[in-house]
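Chain by chain, the residues run as shown.
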Amino acid sequence: MSGPRTLPVGEHALLVELDSAEATGALHAELLRRRATGTLPPLREIVPAARTVLLDGVADPAALAAQLTTWHIPPLEADVRETVEIPVRYDGPDLADVAALWQVSEQEAVRVHSAAEFRVAFCGFAPGFAYLTGLGERYAVPRRATPRTAVPAGSVALAGPYTGVYPRSSPGGWQLIGSTDAALWDPHREPAALLTPGTRVRFVPRVAR
Amino acid sequence: MSDRALSVVRAGALTLVQDEGRHGHAHLGVPRSGALDLPAARLANRLVGNAVGAAVLETTLNGCAVRPRRAVTVAVTGAPCPVTLDGRPVAWGAPVRVPPGAVVEVGAATRGVRSYLAFAGGVAVEPVLGSRSTDLLSGLGPPLLRDGAVLPLGRPADTCPRVDEAPAPGVPEELVLRVRPGPRADWFTADALAVLAGGRYRVSSASNRIGLRTEGPALRRARKGELPSEGMVLGAVQVPPDGRPVIFLADHPTTGGYPVIGVVPEPDLAAAAQAAPGTPLRFAPVGRP
């Protein structure tokens, strides 16, 4: 395995680039472990994304980049966390289109989605909006040709290789396959986001009303 | 609400509560937000004896007017503008004692864009994730000011102000932003940095608290395809498909999928916050090529 590539970002940040989502998740988990044990230099933000982890607010990015190359990073499986279960009504307006793209029946599409084990790869787009990986490559779908001006809060949606749940109503171009009443975002909760990077997630079917 | 409060007489074009921003939540998709001209906001707080991170009002171009219910010391910094107390001129950039019920008016900026109005004790709206800042991208924090709104004020500290007068900022005819190349400079043609450095840019009227947009020569990509979403920093110079660089300001998204050709150092962003649409803009690359 090739080591991570580090790219300087301005004077106080570092972008660490990896070659897979798994390696990115593993580095992120290692960074959190090191921060928890006080063996990471002080920094302001650790922001995982698709193939990178951004380290922002670092006093000496070059020294941290050098330190990173000496780390042994255990594989992601070692990061055992409780699974968050999200109840879903698979009643989304794009479920039929997604099933057609997958070349399966709607019932089979629901079975595939609710059987998958997801992991929060990263958050972005809006507070508490998580990009979940876990569906196989063959289930990747394009965004809608025309984005919706308002996607309801709680919509469970697909785009590219990701599943996401809209924390609040917003414009969006993802394929809507279902809906949930789960509180994705609550600023009075710690953490405010239900789905934080690294969290394991399963979707549990509920009968549509 | 107690009488330690102010009512909004004239909200102005876009007046927001801002402090030093929301930090440590970027991994949840929470923008940093905070005062766009942070040194000016900090100075306003010093002038009224507050901690530098107290919440202030950030106005946009045409100021605002408020009526504190009790006597309070205020100060205006940032974009220079007339300041009045019940219609009588008072000092900009200095502590002003406001008697109960008097109207403090921050006038239209004579140059620059954003003025800062600090109150001894600070604006005491409920913090969200540790900050009172209004984040226009994600909607966190208090709503933007409306005529007739009432905002709570905090209890003033017992300390004396450490500064009693501030110089008005100079008048830059041209905005010059240093740019440290990377992390995705290699996504652009070999001459892109030279185009950026030599190009005559202007501040676009589409600029806002999320990003300073530019008009000028387009930067061309050497690579096709899409960059997977990655974390974004304050000052990132992101280049969307039209090739016109956008400099990320306080309300920028935490991740993005357009390549970043370079990063503007934070000290230069206060000037960017005060650059009105149409201001000539020049980029000055620094550091390694």
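Sequence order as written defines residue numbering, which begins from 1 separately in each chain. Chain A is the first chain written and ligand 1 is the first ligand written, with later ones labelled in order. The predicted nature of this model means local features are confined to residues of pLDDT at least 70 and side-chain atom pairs, given and counted, to a pLDDT of 80 or more, with totals for whole chains, interfaces and linings taken over all residues. With hydrogens and water excluded, all non-hydrogen atoms of the structure serve as input to the side-chain values.

Moving on to empty space enclosed by the protein. The way it works is a 1 Å grid over only the protein atoms, where trapped points that fit a 1.4 Å probe form a cavity and open points with protein on both sides within 12 Å along at least five of seven lines form a pocket, and then any residue with an atom within 4 Å of a point lines it. Grid points are joined across faces, edges and corners, and a volume is the space filled by probe spheres set on the points. Summed over the entire model, instances satisfying the criterion amount to two cavities of 30 Å³ or more. By volume, the largest cavity amounts to about 110 Å³. Along the wall of the largest cavity there are 14 residues; nearest its centre are E45 and D56 of chain A together with A26, M232 and H252 of chain B. Taken together, the elements giving at least two residues each to the lining of the largest cavity come down to strand 3 (45-48) and strand 4 (52-56) of chain A. Roughly 40 Å³ of volume is contained in the second largest cavity. Considering the residues around the second largest cavity, the lining is formed by V9, L15 and L54 of chain A together with P183, E230, G231, M232, V233, A236 and V260 of chain B. Ten residues, namely Ala, Val, Leu, Ile, Met, Phe, Trp, Tyr, Cys and Pro, are considered nonpolar, four, namely Asp, Glu, Lys and Arg, are considered charged, and the remaining ones, Gly among them, are considered polar. Looking at the lining of the second largest cavity residue by residue, the classes come out as eight nonpolar, one polar and one charged. Counting from the N terminus, the helices are DSSP H or I runs at least four residues long and the strands are E runs at least two residues long.

Okay, the sheet that holds strand 3 of chain A next. Residue and element names in this part refer to chain A. Note on pairing: two strands pair once DSSP finds at least 2 bridges between them. With antiparallel pairing, the four strands of this open sheet are ordered in space as 1-2-4-3. Edge positions in the sheet fall to strand 1 (5-9) and strand 3, since each of these pairs with one other strand and no more. When strand polarity is set aside, the average angle formed by the axes of neighbouring strands in this sheet is 20 degrees. One ladder, built from five bridges, connects strand 2 (residues 13-17) with strand 4; its direction is antiparallel. Counterpart to L15 in the pairing with strand 4 is L54. In the packing of helix 2 (residues 61-68) onto the sheet, the strands contacted are strand 1, strand 2 and strand 4, and the crossing angle to strand 2 comes to about 25 degrees. Under this scheme, a helix contributes an axis fitted over its contacting stretch, all axes are lines through C-alpha atoms, and angles between N-to-C directions fall in the 0 to 180 degree range. Only heavy atoms matter for contacts: two residues are in contact if any of them lie within 4.5 Å across the pair.

Another point: the pairing of strand 2 of chain A. All names here are of chain A. Between buried and exposed lies partly exposed: a residue is buried under 20% and exposed over 50% of the maximum accessible area for its type, with that area taken using a 1.4 Å probe on protein chains only. Buried residues dominate strand 2, accounting for five of its five residues. A two-sided burial pattern is seen for strand 2, the buried positions comprising A13, L15 and E17 on one face and L14 and V16 on the other. Taken together, the five bridges between strand 1 and strand 2 define a ladder with antiparallel strand orientation. By the bridge assignment, P8 is partnered in strand 2 with L14.

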